[in-house]
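Okay, here's what each chain looks like letter by letter:
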Amino acid sequence: MIILNAIFPIFALLFLGSLLKNFNITNETFLRTSDKLVYFIFFPVMLFWKIGSSAPDKGVSINLCTASILAVIIVYLISSAMIRLFHISNFQAGTFSQACYRFNTYIGMAIVMNTLGESGIRYFGILIGFTIPVINVLAVSTLIWHSGNKGGLGQNLKHLLTALISNPLILGCVAGLLFSNFQLSFPIFIDNTFTLMTAVTLPLALISIGGSLTLNGLKNNTKVSFMASLLKLLILPATGFFLLKLFSVTGIPFKAGMIFFTLPTSTAIYVLSAQMNSDTQLASAAIMLSTLLSIFSLSVALLI
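Residues numbered from 1 in each chain as written. Predicted model: local features only at pLDDT ≥ 70, side-chain atom pairs only at ≥ 80, totals over all residues. Heavy atoms only, no water.

1. Some remarks on the overall build of the protein chain
For step 1, the next point in the chain: Counting its regular elements, the protein chain contains 14 helices and zero strands.
For step 2, the next point in the chain: When the helices and strands of the protein chain are listed from N to C terminus, the series reads α-α-α-α-α-α-α-α-α-α-α-α-α-α.
For step 3, the next point in the chain: Taking 304 residues into account, the globule formula puts the C-alpha radius of gyration at 19 Å, and the protein chain, at 19 Å, falls close to it.
For step 4, the next point in the chain: Considering only C-alpha atoms, the protein chain reaches an extent of 55 × 45 × 40 Å along its principal axes.
For step 5, the next point in the chain: Per-residue burial over the protein chain gives 53% buried out of 304 residues.
For step 6, the next point in the chain: Excluding contacts between residues fewer than 6 apart, the proportion of contacts in the protein chain whose partners are at least 24 apart in sequence is 85%.
For step 7, the next point in the chain: Of the charged side chains in the protein chain, 15 are positive and 6 negative, and the gap between their average positions amounts to 10 Å. (Helix = DSSP H or I, 4+ residues; strand = E, 2+ residues; numbered from the N terminus. Rg over C-alpha atoms; globule rule 2.2 N^0.38 Å. Buried < 20%, exposed > 50% of the residue type's maximum accessible area, 1.4 Å probe, protein only. Contact = heavy atoms within 4.5 Å. Lys, Arg positive; Asp, Glu negative; His and termini not counted. Charge placed at Lys NZ, Arg CZ, Asp CG, Glu CD.)

This is the structure we're talking about:
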């Protein structure tokens, strides 16, 4: 029942998003607009509000974030070795690499909200605030390296720094942490405004994700997308589990960490692959396959 109560609502909204798109009730314009609203406004506001309204955790988040970042780096190194071992082409390498460790933030927040409540939201928000910069550096660096258009060091560093300092999710997390550390509180009218704003965030995000899921490319990229899903949904959670234990992370932070490790691949890998001359068909296949298989990985995480 715990698994059903936590996972069913998320996949029901994903399915609804797919149905709405197939019946032409939504379209590409709606999905793009929804993505922008969630990414640039609603989700950063949610992170700022949830983290900012919580009490500081006296260092627990440091161990959680350290263990999570180390797990991501280990899987990144394994994925780099697999690119060479399985002779994955330069055109697919950047997309494959991203699919092994980038995570779907919106599905994660929805599951955390359903299972761990306000305290879990804070830990998960802090976790993604620290891991997103690392993941962006790894993803963009790999895409640049395999694109054949490496450019100058200064140009590449500028691209990375711009991506980091302009990321609204990072800004929302940082602002929330600063607000929380000053032990301030939101006035009731601001609190009520944020309540209304954030109520639309996750349903809109999940419907948008469901509408963007497609089977295109899965037939021709089954092997590579399956390898990426194996790293993302099995190797990363196993590595993360042992590192969380090693760093003595327990309770709600441990649960938030395990949910983080078992999430499907982020839909953002498609956009970044398109921007940096990598395989968008593989991106679509990896997103679809990992989303379907994440039902099992998330179920195991919730049981643990």
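2. A short note on the environment of Val271
For step 1, the next point in the chain: Turning to its location among the elements, Val271 is positioned in helix α13 (residues 268-275).
For step 2, the next point in the chain: Classification of Val271 by relative accessible area gives partly exposed; the value is 45%.
For step 3, the next point in the chain: Measuring from C-alpha to C-alpha, the distance between Val271 and Phe15 comes to 22 Å, with 256 residues separating the pair along the chain.

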